[in-house]
Amino acid sequence: MPQPIWLVRPRPDGGCDYVSFVPAQPGSTATVEMREGSHLPPQMPLLKRRHRLRPEEAERCRQQLQQNGGYRCSEPLF
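Bear in mind the structure is a predicted one, so any value in this text is a computation, not a measurement.

### Points about the overall build of the protein chain
1) Next: A count of helices and strands for the protein chain gives one helix and five strands.
2) Next: Computed over C-alpha atoms, the radius of gyration of the protein chain comes to 12 Å, within 12% of the 12 Å expected from 2.2 N^0.38 for 78 residues, which places it in the range of a compact globule.
3) Next: Expressed along its principal axes, the backbone C-alpha trace of the protein chain runs to roughly 35 × 25 × 20 Å.
4) Next: Residues counted as buried form 33% of the 78 residues belonging to the protein chain.
5) Next: Intrachain contacts of the protein chain at a sequence separation of at least 6 include 40% that bridge at least 24 residues.
6) Next: Total accessible area on the protein chain stands at roughly 5100 Å², and carbon and sulfur atoms take up 52% of it.
7) Next: Between the averaged position of the 11 positive side-chain charges in the protein chain and that of its 8 negative side-chain charges there is a distance of 2 Å.

### Observations regarding the packing of aromatic side chains
1) Next: The final tally for this structure, using the stated rule, is one aromatic pair.
2) Next: On the numbers, 5.5 Å between centres and 35° between planes, the contact of W6 with Y18 is tilted. In this pair, W6 is assigned in strand β1 (residues 5-10) and Y18 in strand β2 (residues 16-23), connecting sequence segments 12 residues apart. In this pair, the class of W6 matches that of Y18, namely buried.

### Focus: the sheet that holds strand β3 (residues 32-39)
1) Next: Spatially, β4-β3-β2-β1-β5 is the arrangement adopted by the five strands of the open sheet, whose pairing is antiparallel. Only two strands of the sheet have a single neighbouring strand rather than two, namely β4 (46-53) and β5 (72-74). Pairs of neighbouring strands in the sheet enclose a mean axial angle of 25°, with direction left out of account.
2) Next: Of the pairings in the sheet, the one linking β2 to β3 comprises eight bridges and is antiparallel in character. Residue pairing across strands places V19 opposite E36, the latter belonging to β3.
3) Next: Sitting on the sheet, helix α1 (residues 55-68) touches β1, β2, β3, β4 and β5, and the angle it makes with β2 is about 160°.

### Concerning the confidence of the model for the protein chain
1) Next: Scored by pLDDT, the protein chain comes out at a mean of 90, with 92% of its residues at no less than 70.
2) Next: Confidence, expressed as mean pLDDT per element, reaches its minimum in the protein chain at β4 with 94 and its maximum at β1 with 96.

Conventions and cut-offs
Residues numbered from 1 in each chain as written. Predicted model: local features only at pLDDT ≥ 70, side-chain atom pairs only at ≥ 80, totals over all residues. Heavy atoms only, no water. Helix = DSSP H or I, 4+ residues; strand = E, 2+ residues; numbered from the N terminus. Rg over C-alpha atoms; globule rule 2.2 N^0.38 Å. Buried < 20%, exposed > 50% of the residue type's maximum accessible area, 1.4 Å probe, protein only. Contact = heavy atoms within 4.5 Å. Areas by Shrake-Rupley, 256 points an atom, 1.4 Å probe, with all protein chains shown as cover. Lys, Arg positive; Asp, Glu negative; His and termini not counted. Charge placed at Lys NZ, Arg CZ, Asp CG, Glu CD. Phe/Tyr/Trp six-rings, centres within 6.5 Å; stacked < 30°, edge-to-face > 60°. Pairing = 2+ DSSP bridges. Axes fitted to C-alpha atoms, helices over the stretch in contact; angles between N-to-C directions. pLDDT = per-residue confidence, 0-100.

Here it is as structure tokens:
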């Protein structure tokens, strides 16, 4: 997972839940930071959780969120 990946799931209130997967250090593939939060414009995004994962764990989590969690790939929200 060398590039950041954003997953977004719309909510009924017009906001969305998001999960981003970002390499912990630019150019490094040692760990991936997974950030979970929500966003309801025009408010500031809310960060709920942060995790550091190995790249293979991050990939499994991404696949599960897309298959079972209703998340879709997206451009960065902010």
